[in-house]
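# Reading the structure
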Number of protein chains: 2
Amino acid sequence: MIPTDTLAHFAALLGPKGFTDDAEAIAPWLTDWRGRYHGAAAAMLSPASTAEVAACMALAAERGIALVPQGGNTSMVGGATPPDDGSALILSLRRMNSIRSISADDNLAVCEAGVILSVLHDAAAAIGRRFPLSLGAKGSATIGGLISTNAGGTQVLRHGTMRALVEGIEAVLPDGRIYDGLAALKKDNRGYDIKQLLIGAEGTIGIVTAASLRLVPAIADRAVGWVGVETPEQALSLLRLLEARLGDIVEGFEVIADDGLGHVLSHIPGTRCPIETRTPWHVLIEVDLPDIGSPSAAERLEAALAEGLADGLALDAAIAANDAQAEAFWRIRESLSEAERAQGPALQYDISVPVARMPAFMTEAAAAAQRAFPGTTASSFGHLGDGNVHFHVRAPKGTDDGPAWIAAQGQAINAFVHDAVVASGGSISAEHGIGQMKRGELARLASPAHLMSLRAIKAAFDPKGIMNPGKLVPMAGEG
Amino acid sequence: MIPTDTLAHFAALLGPKGFTDDAEAIAPWLTDWRGRYHGAAAAMLSPASTAEVAACMALAAERGIALVPQGGNTSMVGGATPPDDGSALILSLRRMNSIRSISADDNLAVCEAGVILSVLHDAAAAIGRRFPLSLGAKGSATIGGLISTNAGGTQVLRHGTMRALVEGIEAVLPDGRIYDGLAALKKDNRGYDIKQLLIGAEGTIGIVTAASLRLVPAIADRAVGWVGVETPEQALSLLRLLEARLGDIVEGFEVIADDGLGHVLSHIPGTRCPIETRTPWHVLIEVDLPDIGSPSAAERLEAALAEGLADGLALDAAIAANDAQAEAFWRIRESLSEAERAQGPALQYDISVPVARMPAFMTEAAAAAQRAFPGTTASSFGHLGDGNVHFHVRAPKGTDDGPAWIAAQGQAINAFVHDAVVASGGSISAEHGIGQMKRGELARLASPAHLMSLRAIKAAFDPKGIMNPGKLVPMAGEG
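As recorded in an unreviewed UniProt entry, chain A goes by the name FAD-binding oxidoreductase, listed as coming from Sphingobium algorifonticola. For the record of chain A, the UniProt heading Sequence similarities (unreviewed entry) holds the text "Belongs to the FAD-binding oxidoreductase/transferase type 4 family." Listed under Cofactor (unreviewed entry) in UniProt, the entry text for chain A is "FAD".

## Thoughts on the relation of the copies chain A and chain B
Aligned on chain B, chain A shows an RMSD of 0.0 Å; the corresponding rotation is 180 degrees and the shift along the axis is 0.0 Å. Overall, the copies show the geometry of a two-fold rotation axis. In this assembly, 100% of the residues forming the interface of chain A have copies in chain B that are likewise at the interface, indicating an isologous arrangement.

## Section: the nonpolar core
Core analysis: the biggest nonpolar cluster contains 88 residues, and A:Ile147, A:Leu213, B:Ile147 and B:Leu213 have the highest contact counts within it. When near neighbours in sequence (up to four residues on either side) are disregarded, B:Ile147 contacts B:Met162, B:Val166, B:Ile169, B:Leu198, B:Ile199, B:Gly200, B:Val208, B:Ala211 and B:Leu213.

## Thoughts on the sheet that holds strand β9 (residues 178–181) of chain B
All names here are of chain B. Here we have five strands laid out as an open sheet, ordered β5-β6-β10-β8-β9, and antiparallel in their pairing. Pairing within the sheet leaves two strands with one partner each, and these edge strands are β5 (99–103) and β9. For this sheet, the mean inter-axis angle between neighbouring strands, taken without regard to orientation, is 15 degrees. Relative to β9, strand β8 (residues 166–172) is paired through four bridges, and the arrangement is antiparallel. When the bridges of β9 are listed, Ile-169 appears paired with Gly-181. The strands touched by helix α4 (residues 117–126) within the sheet are β5, β6 (108–112) and β10 (207–214), with β5 carrying the most contacts at an inclination of about 35 degrees.

## Digging into the interface of chain A and chain B
Listed by partner, the interface residues are 68 residues for chain A and 68 residues for chain B. Interface area, chain A with chain B, both sides summed: about 5300 Å², of which 59% is carbon and sulfur. On the chain A side of the interface with chain B, the three residues burying the most area are A:Lys187, A:Asn189 and A:Tyr192, jointly 20% of the side's total. Our enumeration of links across chain A and chain B arrives at 32 residue pairs in polar contact (both at pLDDT 80 or more).

## Some details on the pairing of β9(B)
Along any regular strand the residues' side chains alternate between the sheet's two faces. Side chains B:Tyr179 and B:Gly181 project from β9(B) onto a buried face, and the interleaved B:Ile178 and B:Asp180 project onto a face without burial. The hairpin formed by β8(B) and β9(B) contains five residues between the paired strands, and B:Gly176 there has a positive phi angle of roughly 95 degrees.

Parameters and conventions
Residues numbered from 1 in each chain as written. Chains lettered and ligands numbered in written order. Predicted model: local features only at pLDDT ≥ 70, side-chain atom pairs only at ≥ 80, totals over all residues. Heavy atoms only, no water. UniProt positions renumbered as here; feature names shortened; annotations may be inferred. Least-squares fit on C-alpha atoms with pLDDT ≥ 70 in both. Contact = heavy atoms within 4.5 Å. Core = buried A, V, L, I, M, F, W, Y, C linked by side-chain atoms within 4.5 Å. Buried < 20%, exposed > 50% of the residue type's maximum accessible area, 1.4 Å probe, protein only. Pairing = 2+ DSSP bridges. Helix = DSSP H or I, 4+ residues; strand = E, 2+ residues; numbered from the N terminus. Axes fitted to C-alpha atoms, helices over the stretch in contact; angles between N-to-C directions. Buried area = accessible area lost by both parts, 1.4 Å probe. Polar contact = N/O pair within 3.5 Å; in protein donor to acceptor, adjacent residues only side chain to side chain.

Listed below in structure tokens is the structure:
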């Protein structure tokens, strides 16, 4: 329990807008959005400035109180849920929601941690630029959380993950000191890169309070295509061809198994297959140009796909004739998770392997999982060009009690899939991070050198263990 | 002094090819290539494999012996020179010089640390690709050293520094454990990014033994232009125009003051000004395309420059008519340092500031330096688009004894220039790192949060202080 006088100190520090111990106000922030983790916290701190974050952190360090930084609370791995013993306070960055500056000339936006992703999208659009990272939770997810989880999305092929878009960072370290690395320097070799260390650190070694983010030109000309292919290998060959012919104007390259498409067509009203014949695998492609010229995006994509068809890398192809058709193609991709859920209970994995190994992984790991767990169906879809797919193992047909099936089989299937990933030189967390959910598996599978490094960094920055406890870093006993 | 039996252990471990205590053989590696730092070492270890590096490191850890990793020994800041008290051994990576694999399909080369940069250039060219990082020392500099210093060069505008080209890393940590992060994963969120931490760490927290490196398409069509402009501000506006019109096919954008050009024309035989009229500032531009198409690189550059001339962003422009002319344009840029040296003694600074602030810095900091140190001439040239210029302060005319002038004025001028850099939110080390040379200035100028972070990381990975001692991290007493 946190002493009352300590809570009073925080309350005095932050004023009524910045402090609440009202259980009802705090409740929504004690559970992750998937409802799998439930925590407790006596109060929620909502500082309005970097100085206030620093003051909270200094007080927390002095009193040995743990803080759990929180943005939009959209973690997929319980990364922003406080421990359930009430030993920590939530520190929300949501009041720090100002875009300090934004410049089309410099292609740069300086955002506070609490800026919501879609707000930044709009601000960039208003000056003829865009921030090229997007994901389903864009209406809630905040810049601070996106940085702290090194978020990905569908545009990584062209623009990289959050790491590639962060040019500078401001953070409060666990002793309350402010690290000011906001200046966007393209070359800076003053020792270990603290910015890189904070990206993806899940708030365990400091609190990101602001960042300088790279903007890119707005899209002026867009083409979206749908291609039927025989195998994931063929899809990868097609990607290589597109990269060779079109360079990095290819922004989206999503692979979908035909059974996934089938689930969408069955469960999502108003969807139809974009090509005439059903093929074993499908590819959704987006090509974007910053200005309208000749040849157009559609003409370029068409020429490259014609070559792919002639070379036998594709069975059939269609290019969206207008924006409505383009949206319809993308809607299939974006409905896949919902359709899969409608199909029955499933375990879903966010994994990556080297791109060249992904086609084999998609077919071989799926077949192996089905053999090992009879009755299950394994399939995958997603970002082939990033070596990152969403790998699903569905419960046997007729499984009514999903939670019971997961309780009985989950751990064994988790271990099976993760072992396959490690055998392919891959990562058990491509996009979502470790949080609470994957800490055990990380402990089981990481090399001793990797575990030692994670623990050493954590201990170096947060010797008192007051930064987002229980997340990311396996404990001394684990692994 | 290192005990004889410890040396015998290393000798037994590595065999005759991997161990020498012959003073003559070691001598060339005890001095940095500019001849400013001189060290001592009882032996030089030359392991031939990652396992041998790990065995050396484990033995060094057990005995408390410091190791100084060394590649091509081309550090500009004394980063690879052992301490002069003989307390450390040199560990050369030069025998680990194999390219383990290289693939055009995957655009990937897996290189050991000792591979020389120009060897990788040739290997990439042989498969129709290129490794897009180059610098003057390419015939000696090794991959391990380039990673450990996060090297830059003239292609950073388009392809980034070494950090952007490293997709995976293998390293031996100070306790002898091997960190295997070689798999090239485009998405991997398993905690703090150890790869990013090792890049630019100057061998102070581990020894990079191999890396997976990104290749890009070979250049098929190249255009090189020379533009006369009135001010650095105009040069930056021209760069913005080129980026808007040509996107990221602009690979080179180098700014040169007219007095620098004048020194080249005076001191370097066979050079001539590429444009008819002398202008206050000059810009060298290179545009590269991966295939020969229409419009060509020259046509694209010409159209963009025509717009720049029409908009008043340029006074005059010329495009090289052939390869020989292109080489002549580049020769001016590459001869600048030599010409400046012929002009008389000077202090040279490797600094960066945010791109938008660079034009003002180039004129204002130069004027301020000349006011503060009467008789001196300050000027700059280099990578405007990276916010990184080579800033020079030349001794007053008639200064015969350069070393005496540097001894008398060097420290004050260093402090003056670095203070100006910090005031502009910049970095006192853009490309070269900290090494021994800039440790004091880093201690003086870094924020407490930055210094604390550097020291915490160093202590966490290398608690015994046996990895490249005396480099990068300011000591507890400093700063």
